[in-house]
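Observations on chain architecture
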Amino acid sequence: MKGFHNLNLQAKADECFPMKGDGHDVDINIGTNYSKPKELHWLLRRIFILSWIRSYDREKAVSDLIAGITLGMTIIPQSIAYAALAGLSSEYGLYSAFIGSIIYVFFGTIAQVSIGPTSLMAIMVLQFCSDKPVQFVIVLAFLAGLVEFLMGVLRLGFIVNFIPTPVTKAFTTGTSLIVALAQVKNLLGIKHKGIPTPKQFFDKIEFADATVGIVCMIVLLTLRQLSSIKFKNKTDTTRRLKKVLWYISISRNALVVFTCGLIAFLWIRKSSIEAVPFALSSPVSSGLPKLQLPPFSFTYENRTYAFIDVCRELGSAIVVVPIVAVLANVAIAKAFVKDGQLDASQEMLTLGLCNLAGSFFSAMPTCGAFTRSAVSQASGVRTPMAGIYTGIIVLSALSILTPYFQYIPKSSLSAVLIAAVIFMVDFTPIMTLWRTSKKDFFSWTGCLVVCLVAGVEMGLLYGIVLNMIFVILRLGNPEIEVKLKQCNNITYVHIEPLSDIYFSGVDYLRTELRATAAMYRYDFPIVLDCSRFMLFDATFVDMITSTAKELNDQQVLLILQSLSGKYQPLLQSSSNIHFAINPLTAEDFNVATNQTVIEKLK
């Protein structure tokens, strides 16, 4: 009975799935039980919290609470350090940290993503708003948020697909190197404008600042390794110990900054602030941020800036900053999405809302941070609700701890920044890309060099433009394979495009057809595989018709293989155009009416 059952199954399979070479496909109707999953209502997709809040339970709440507190301990020292990198006071970093975390709870789609200040956005702010009043930074956050929001509304998420992975990796490496190199001077206490000479560099090193910075670096790198310690025996004690070591590891930034600040505070209490041998952070304004309109017009140093003046001075930053932020945010979201389905447009819209709302709280431009998102993932985050707890912790720090931020040594913040970005520097693609793809190799190396020499926005622009040129060249010069084949003792030339053919590649294909026919002295019929013809239009019709006429003059048969039936009537006017499916059969070659052609086939 079992063998009979298997035979029945095989018979059913053969009936449903004909073997290749049967010469026809079978359409089957299996009813309405199988259909695409129903798409969420547009309101649930846009206010994404409505899609999961109904299933929120105690288990998820506890996991999110732990992840939110852990992330709060990570984001506070990072926000202070990134604000310093951008040339701003510490409170502006914290303003950016709390509002982004809270807004993302309601509209964000990826639980792990942490919106807030990042080294990338700090570099962009420093580049475009250096030596400008802080109002420029706030307006930039508003304008960047507006552009990002419009990109999301217009569903332009597909744009990020045009930025290849090598460019993204080179951009990340270049930005990380810029951050690390920019912080070396603060790490060593060097006070020198511009790039110092090697002699000036070593002469201006402050021993106390360098000691604090280097010790902090060593401690940070050591604590980082705690999470990777493995125990031979897996017991309840070792599991608990591993958990404790992991919490210490991910809280290393907060521990280092708190310890250094406490030492400075006790030192000042014992003597005076002048007695502290290392440089401290600037005093921070205490209190929660005020809800107010962004400063579209303001007066600074006896000059009145109108909104149009601010836009004119920001220039390309209005476009470059949101594009860079979207690129970083979508890349992070892709890394953590579970089912592989990412609504990039919704992420754009959410990031836009975070920056728009942030500008009403005097925040700097923000985006997702990979390091913090990794911390959220490792902390067991379940939903974006963790951002509420992170925001509360940041607000508590703003209302209680701001008077103490001035005791944090600058060199310790530089150590935090360098330790955060140094592991994002990745030179491994160099040899891999050289062996696998020269195009990607030049994209990567060129983007990295331009980032370091001309700035991160020019590096990103270089990578995008270069790859668009590669795409245009590929569209105009598609890859085509030519082979001599046989079908029932009939020899023919088979021309198969290995990449999609659009109207831009039609002339190249025409040239290839002519050259192939001439190379084989017009002795064999030509079979053109049309399965990769995309956006079939009048350009295709003109090319095929004229080529068929030329081949007909040379008494060469042209067979179009796998051309969609809806396009075939457009080509019926030519007597030398014939159609065939895949695979070819001898009957496909019997359509020739010209006696000379028949003789050639024989």
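Residues numbered from 1 in each chain as written. Predicted model: local features only at pLDDT ≥ 70, side-chain atom pairs only at ≥ 80, totals over all residues. Heavy atoms only, no water.

**A short note on helix 6 (residues 119-129)**
When you tally the buried positions in helix 6, you get nine out of 11 residues, the bulk of the element. Listed in full, the buried residues belonging to helix 6 are Ser 119, Leu 120, Met 121, Ala 122, Ile 123, Met 124, Val 125, Phe 128 and Cys 129. Following helix 6 by one or two positions, Asp 131 has its phi on the positive side, about 65 degrees. (Buried < 20%, exposed > 50% of the residue type's maximum accessible area, 1.4 Å probe, protein only. Helix = DSSP H or I, 4+ residues; strand = E, 2+ residues; numbered from the N terminus.)

**Some words on the packing of helix 6 against helix 8 (residues 165-188)**
Two elements in contact, helix 6 and helix 8, have axes whose closest approach is 10 Å; the angle formed by their N-to-C orientations is 70 degrees. The angle between helix 6 and helix 8 places the two elements in the roughly perpendicular class. The two elements helix 6 and helix 8 meet at a crossing, and its hand is left-handed. Between helix 6, through Ser 119, Leu 120 and Ile 123, and helix 8, the contact on the second element is made entirely by Phe 171, Thr 175, Ile 178 and Val 179. A breakdown of the residues in the contact of helix 6 with helix 8 according to their chemical character gives five nonpolar, two polar and no charged. (Axes fitted to C-alpha atoms, helices over the stretch in contact; angles between N-to-C directions. Parallel < 35°, antiparallel > 145°, perpendicular 65-115°, else oblique. Left-handed = near helix turned anticlockwise from the far one by under 90°. Contact = heavy atoms within 4.5 Å. Nonpolar A, V, L, I, M, F, W, Y, C, P; charged D, E, K, R; others polar.)

**Some points on the nonpolar core**
Within the largest apolar cluster, 113 residues are counted, with the highest numbers of intra-cluster contacts made by Met 121, Met 124, Cys 129, Phe 171, Leu 314, Val 321 and Val 324. Here this core takes 13 residues from helix 14 (residues 317-336), the largest share from any one element. Two domains each provide a minimum of three residues to this core, namely domain 1 (48-187 + 291-409) and domain 2 (436-476). Among all residues touching Val 324, those that are not within four sequence positions of it are Leu 120, Met 121, Met 124, Phe 171 and Leu 460. In this structure, Ile 480, Leu 509, Val 556 and Leu 560 belong to the second largest nonpolar core, which totals 25 residues. (Core = buried A, V, L, I, M, F, W, Y, C linked by side-chain atoms within 4.5 Å. Domains from an automatic or database assignment.)

**Here's the deal with the side chain of Ser 376**
Following the sequence through the fold, Ser 376 ends up in helix 16 (residues 370-378). Here Ser 376 falls in the buried class, since its relative accessible area comes to 4%. Contact partners of Ser 376, with chain neighbours within four places excluded, come to Ala 67, Leu 71, Gln 112 and Val 381.

**Side note on the state of the cysteines**
Among covalent bonds in proteins, the disulfide is the one between the sulfur atoms of two cysteines. Summed over all chains, the structure comprises zero disulfides. Not part of a disulfide, Cys 487 finds its nearest cysteine sulfur in Cys 530, a span of 17 Å. You can call Cys 487 buried: its relative accessible area is 9%. Take Cys 530: its relative accessible area is 3%, and that puts it in the buried class. (Disulfide = S-S within 2.5 Å.)

**Concerning helix 7 (residues 134-153)**
Taking 1.5 Å per residue as the helical rise, helix 7 with its 20 residues ought to reach 28 Å, and the 29 Å between its terminal C-alpha atoms agrees with that figure. Positioned one or two residues after helix 7, Arg 155 has a phi angle of 55 degrees, which is positive. (Expected span 1.5 Å × (residues − 1).)

**Some words on the packing of aromatic side chains**
Taken as a whole, this structure holds 21 aromatic pairs when the rule is applied. Judged by centre distance (5.8 Å) and plane angle (85 degrees), the rings of Phe 136 and Phe 298 are edge-to-face. On the criterion of sequence distance, the pair formed by Phe 136 in helix 7 and Phe 298 in strand 2 (residues 298-300) is long-range, its members being 162 residues apart. Ring plane angle 75 degrees and centroid distance 5.0 Å describe the contact between Phe 142 and Phe 296, whose orientation is recorded as edge-to-face. Of the two residues, Phe 142 sits in helix 7 while Phe 296 sits in the loop between helix 12 (252-270) and strand 2, which places them 154 residues apart along the sequence. By relative accessible area, which is 26% here, Phe 296 ends up partly exposed. Feature note: the residues Phe 533, Phe 536, Phe 540 and Tyr 567 constitute an aromatic cluster, connected by ring pairs. (Phe/Tyr/Trp six-rings, centres within 6.5 Å; stacked < 30°, edge-to-face > 60°.)

**Things to note about the sheet that holds strand 6 (residues 490-497)**
Ordered by their spatial adjacency, five strands build an open sheet running 5-6-7-8-9, and the pairing between neighbours is mixed. With one partner strand each, in any of the chains shown, strand 5 (480-487) and strand 9 (577-580) form the two edges of the open sheet. Taking each pair of neighbouring strands and ignoring which way they run, the sheet shows an average axis angle of 30 degrees. Bridging between strand 7 (residues 526-529) and strand 8 (residues 558-561) involves four bridges; their strand directions are parallel. Each bridged residue has a counterpart across the sheet, and for Val 527 the counterpart in strand 8 is Ile 559. Where helix 23 (residues 538-553) meets the sheet, it contacts strand 7, strand 8 and strand 9, and its direction lies at approximately 145 degrees from that of strand 8. (Pairing = 2+ DSSP bridges.)

**So, the environment of Val 139**
Tracing the chain through its elements places Val 139 in helix 7. The exposure class assigned to Val 139 is buried, which follows from its relative accessible area of 0%. Considered as a pair, Val 139 and Ile 250 are 111 residues apart in the sequence and their alpha carbons are 34 Å apart. Setting aside its immediate chain neighbours within four residues, Val 139 contacts Pro 295, Phe 307, Val 310 and Leu 314.

**Observations concerning unusual backbone geometry**
In this model, Asn 302 sits at a positive phi of 65 degrees, which is unusual for a non-glycine residue. One can find Asn 302 in the loop between strand 2 and strand 3 (303-305).

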